[in-house]
Structure formats: structure tokens, C-alpha cells
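One letter stands for each residue in the lines below.
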Amino acid sequence: MKHLITPNDLSNNEILELFEDAKLFSDLTSNSILNGKLVVTLFFESSTRTRSSFEIAAKRLGAEVVNLEVYTSSTNKGETVEDTVANLNAMKPDAIIIRHKDCGLPESLKSYVNCPIINAGDGKNAHPTQALLDLFTINEHFNGEIAGKNIAIVGDIANSRVATSNLELLPRFGLNPILVAPKRFKVISPYKTVTNIKKVLNELDIIMSLRVQHERHEVTATAEKQAQQKAKYVKKYCITKKLLGDKEMLLLHPGPVNRNIDISDEMLLDPRSKVLKQVENGVAVRMAILKKFILENKVC
Ligand code: NCD
């Protein structure tokens, strides 16, 4: 059984094949490729884009979707996630899509299922479908000429699963990450790391801005100190028109964007910002992923 837990579960060839399919699905119209199939989504952390993107992708392929409302499910009555998943598996779904705050949880569920598990984000560990849609968007923008391009990943790298999965995936296709973060959000990394984006701006082709992952921080600072930290952060890391000037750039963000903290209102309207294109591509890429994982795992 093949599962999608991290981008390394797919070879480069498989990813290129997925992208060919995603291109065919890019008008997001309906077909019947997954007629009669059933997809279950299980989101233990909040989500707007990823959950609806998976649901729309499955429905566009003709599959049925059951969204388990975890806050009204038996995990509230003390059932373990493993038991919840084993029970859902007993109802014979064709794929289970799961998001959870615990790193490694989707991986540990593999032995409880007979259908593919697709990781929709586990803590700060991995978010493979986001990284794949980011790579797809970059590839589309540069017409496949992506080897050697420099991408700055800006913000809370230490707590972002989007950063983790992109750092795993993008270098496999020749992209050079440059990490831009304040000291408290940095990670030990083989890649160039700076605190000031201005130092590397001239080298950049792509900026991927990230949200500060407050939900994964231990709050020790006073409210006043937090407000000061926020103001300092905005000054240095918010992507503005003033910062970019006329420089050509592909500006990405996985969402949700914290406006005027991650990216300014003005830059979000700028044609260099492809944040909504990422959302659109996300559906096509997830259609390709669901098709591959469901149809190649016929044992379900
Ligand atoms: C991201 C996530 O949940 O990891 N969002 C997403 O899936 N599009 C990023 C975030 O929450 O900041």
C-alpha cells in the first residue's frame, strides 16, 4: 500500500507524471475517473484551503466525500485516533486524508488501514501536498526552467511544515533555498540563512512568505513584549512593494495570509503575487494525487 506522508514518498518521475495529470485537470472541470470511490477527510486542526481543496478535488473526479467532524466524533469521548481510523477503515473508504497537530501521527496510522493515507499536515513535520502544489506553481511560472532558481523561504521556518516539506522537495528539482528568518525562527540547515532579506534580494527569483505559527509557540513574553516583537517582525519580514521595488519576482504564500504582517495589502494585489493561483493549482494537483493513490492501490 502506498501512502503520501512526506514528499519523499514520491520519486521525481512520479512527481513529473503527477504534474502532467494536474495540467490536464487544470480547468478544474468534472469527470468520472473516481466514480464509486469514497474519500474520508479527518481534520484535527483547523483548515480552510486544504480541506476544501481535497473535497473539491475528490468531487471533481466523481468520488464521494465524508468529512468527519472531529469535534463531534468519539475522539471527544476518549477514543484514540488509531481506533477512530481503524473504525473508519472498516467502512472501506478508498483514501483517508488526515491533518493532526502531532508530528508523525499519519505515519503511525499506516498499519491500521487498507487504503492510502494522505497527510494533510502533521504538526511542523510535513505537508506534502502543499509542497507539491508550490513546486507545480513554480514550474508553471517558469515554464519548467526551474533548476538553479533561488527561492527565499521567509518567516517562521522552525515551526512550519510547509517549510519542512518544501526544503525536502524543492532542492530535488534544482531549486536553491535561502532561509530568511529572525533568530527565534531559524533552523540548523545546510542552506544559506540570513536575518535580513535585503542582503539576498538581488539573488532571488522566488519568495515564499510564511505565517508565524503562533499555535505552535509557547507564550512566555508579556503582551507588551509580544506587541514589540510583532512590530519588529513586520518591519523586517513583511513583503512590501517598497521592499521589492520593480524587481521581477514570483511571490508565494501557502495561506492563510496575515495581511500586512506576512505580505502587504498592496503586494497581494500586485501581479507578482500568485497566492490565489496556488489555491487554484492546489485543486488540480490534489486531483492528480487522489487519482494516482486511489487507482494504484486497488486492494482497497
Ligand atoms: C498551512 C498549514 O496548515 O500548514 N496552510 C495550508 O495548509 N495552506 C500554513 C499555515 O497554516 O500557515
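Everything numeric here is computed off the predicted structure, so don't read it as measured data. (Residues numbered from 1 in each chain as written. Predicted model: local features only at pLDDT ≥ 70, side-chain atom pairs only at ≥ 80, totals over all residues. Heavy atoms only, no water.)

A closer look at the overall build of the protein
Rule in force here: We count a stretch as a helix when DSSP gives it H or I for four or more residues in a row; a strand needs E for two or more, and each element gets its number in order from the N terminus. A 1.4 Å probe rolled over the protein chains alone gives each residue an accessible area, and that area as a share of the maximum for its type sets the label: buried under 20%, exposed over 50%, partly exposed in between. Contacts: residue pairs with any heavy atoms within 4.5 Å of one another. The Shrake-Rupley method, run with a 1.4 Å probe, gives the accessible areas here. Residue values count only the displayed protein chains as cover. All tallies of charge rest on Lys and Arg as positive and Asp and Glu as negative; His and the ends of each chain are not included. Positions of charges follow a simple convention, taking NZ of Lys, CZ of Arg, CG of Asp or CD of Glu.
Along its length, the protein carries ten helices and nine strands. Taking the principal axes of its C-alpha atoms as reference, the protein extends roughly 55 × 45 × 35 Å. Taking all 300 residues of the protein together, 52% fall into the buried category. For the protein, long-range pairs separated by at least 24 residues make up 74% of all intrachain contacts whose partners lie at least 6 apart in sequence. Put simply, the protein shows about 13,900 Å² of open surface, and 50% of that area lies on carbon and sulfur atoms. Of the side-chain charges in the protein, 40 are positive and 35 negative, and the distance between the mean point of each set is 6 Å.

Considering the sheet that holds strand E5 (residues 150–154)
Here is the rule we go by: Strand pairing is defined by DSSP finding a minimum of two bridges between the two strands. Angular values range over 0 to 180 degrees, each being the angle between N-to-C directions of two axes fitted as lines to C-alpha atoms, with helices fitted over their stretch in contact.
The strand order across the open sheet built from five strands is E7-E6-E5-E8-E9, with neighbouring strands paired in parallel fashion. Each having just a single partner strand, strand E7 (193–194) and strand E9 (250–252) make up the two edges of the open sheet. Looking at chain direction, strand E8 (residues 206–209) and E9 are connected through three bridges and run parallel. Residue pairing in the sheet places Ile 206 in a bridge with Leu 250 of E9. Sheet strands touched by helix H5 (residues 128–141): E5, E8 and E9. Its angle to E9, the strand with the most contacts, is close to 165°.

A few points about the site of the ligand
This is how it is decided: Whether a residue is near a molecule or strand depends on its heavy atoms: it is near if one of them lies within 4 Å of it. Here a polar contact is taken to be a pair of N or O atoms separated by no more than 3.5 Å, where protein atoms must pair a possible hydrogen donor with a possible acceptor and residues adjacent in sequence count only if both atoms sit in side chains. Residue polarity is assigned by list, with Asp, Glu, Lys and Arg as charged and Ala, Val, Leu, Ile, Met, Phe, Trp, Tyr, Cys and Pro as nonpolar; anything else, Gly included, falls into the polar class. Residue ranges assigned to the domains are those given by an automatic or database domain assignment.
Neighbouring residues of the ligand: Arg 49, Thr 50, Arg 99, His 127, Gln 130, Arg 161, Val 162, Arg 211, Gln 213, Pro 254, Gly 255 and Pro 256. Here Gln 130 contributes a side-chain N or O atom positioned 3.3 Å from a nitrogen atom of the ligand. Between an oxygen atom of the ligand and a side-chain N or O atom of Arg 211, the distance comes to 2.8 Å. In isolation the ligand exposes 310 Å². Once the protein is present, 93% of that is buried. In the shell around the ligand, the residues fall into three nonpolar, five polar and four charged. Looking at which domains feed residues into the shell around the ligand, each of domain 1 (7–127 + 279–297) and domain 2 (129–274) supplies at least three.

Observations concerning unusual backbone geometry
For residues besides glycine, phi is generally negative; the peptide bonds are generally trans as well. Omega for the peptide link from Gly 255 to Pro 256 comes to -5°, which places this bond in the cis form. Along the chain, the position of Pro 256 falls in the loop between E9 and helix H9 (265–269). Despite not being glycine, Asn 143 has its phi angle at roughly 50°, a positive value. Looking at the element boundaries, Asn 143 is found in the loop between H5 and E5. A positive phi is found at Asn 260, a non-glycine position, where the angle reads about 65°. Among the structural elements, Asn 260 can be located in the loop between E9 and H9.

Focus: the packing of helix H2 (residues 49–60) against helix H10 (residues 275–296)
Note the cut-off: By definition in this entry, angles of less than 35 degrees are roughly parallel, angles greater than 145 are roughly antiparallel, angles of 65 to 115 are roughly perpendicular, and the rest are oblique. Should the near helix be turned counterclockwise from the far one by less than a right angle, the crossing is left-handed, whereas a clockwise turn marks it as right-handed.
Interaxial distance between H2 and H10 falls to 8 Å at its minimum, and their mutual angle equals 55°. Classified by the angle their axes make, H2 and H10 are oblique. Between H2 and H10 lies a crossing of right-handed hand. Judged by residue contacts, Arg 49, Thr 50, Ser 53, Phe 54, Ile 56, Ala 57, Ala 58 and Arg 60 of H2 engage Val 279, Gly 282, Val 283, Arg 286, Met 287 and Leu 290 from H10.

A word on the packing of aromatic side chains
To be explicit about the condition: Ring geometry is summarised as follows: Phe, Tyr and Trp rings, the Trp one being its six-membered ring, pair when their centres sit within 6.5 Å, and such pairs are stacked at plane angles under 30 degrees, edge-to-face over 60 and tilted between the two.
Per the stated rule, a full pass over the model turns up three aromatic pairs. Taking the centre distance of 6.1 Å and the plane angle of 70° together, the rings of Phe 185 and Tyr 233 count as edge-to-face. In this pair, Phe 185 sits in the loop between strand E6 (176–180) and E7 while Tyr 233 sits in helix H7 (residues 223–237), placing the two residues 48 residues apart along the sequence. Taking the relative accessible area as the measure of exposure, Tyr 233 reaches 5% and is therefore buried. One aromatic cluster in this structure is built from Phe 185, Tyr 233 and Tyr 237.

Details of the pairing of E8
Along E8, one buried face is formed by Ile 206 and Met 208 and the opposite face, lined by Ile 207 and Ser 209, is buried too. The pairing of E5 with E8 spans four bridges and is parallel. Bridged to Ala 152 within E8 is Ile 207.

Quick notes on the pairing of strand E2 (residues 64–68)
Each regular strand carries side chains that alternate between the two faces of the sheet. Stated formally: The definition of a right-handed crossover adopted here requires that, viewed with the strands pointing away, the path from the first strand over the helix to the second runs clockwise.
Of the two faces of E2, the one lined by Val 65 and Asn 67 is fully buried and the one lined by Glu 64, Val 66 and Leu 68 carries no buried residue. In this fold, strand E1 (residues 38–43) hands off to H2, which returns the chain to E2; that crossover is right-handed.

Quick word on the sheet that holds E2
The strand order across the open sheet built from four strands is E2-E1-E3-E4, with neighbouring strands paired in parallel fashion. Each edge of the open sheet carries a strand with a single partner, namely E2 and strand E4 (117–122). Neighbouring strand axes in the sheet, compared pairwise and without regard to direction, differ in orientation by 15° on average. One ladder, built from five bridges, connects E1 with strand E3 (residues 95–100); its direction is parallel. Note that in E3 the partner of Val 39 across the bridge is Ala 95. Relative to E4, H10 is tilted by about 135°, and along the sheet it contacts E1, E3 and E4.

Distances and angles like these do not, on their own, reveal function.
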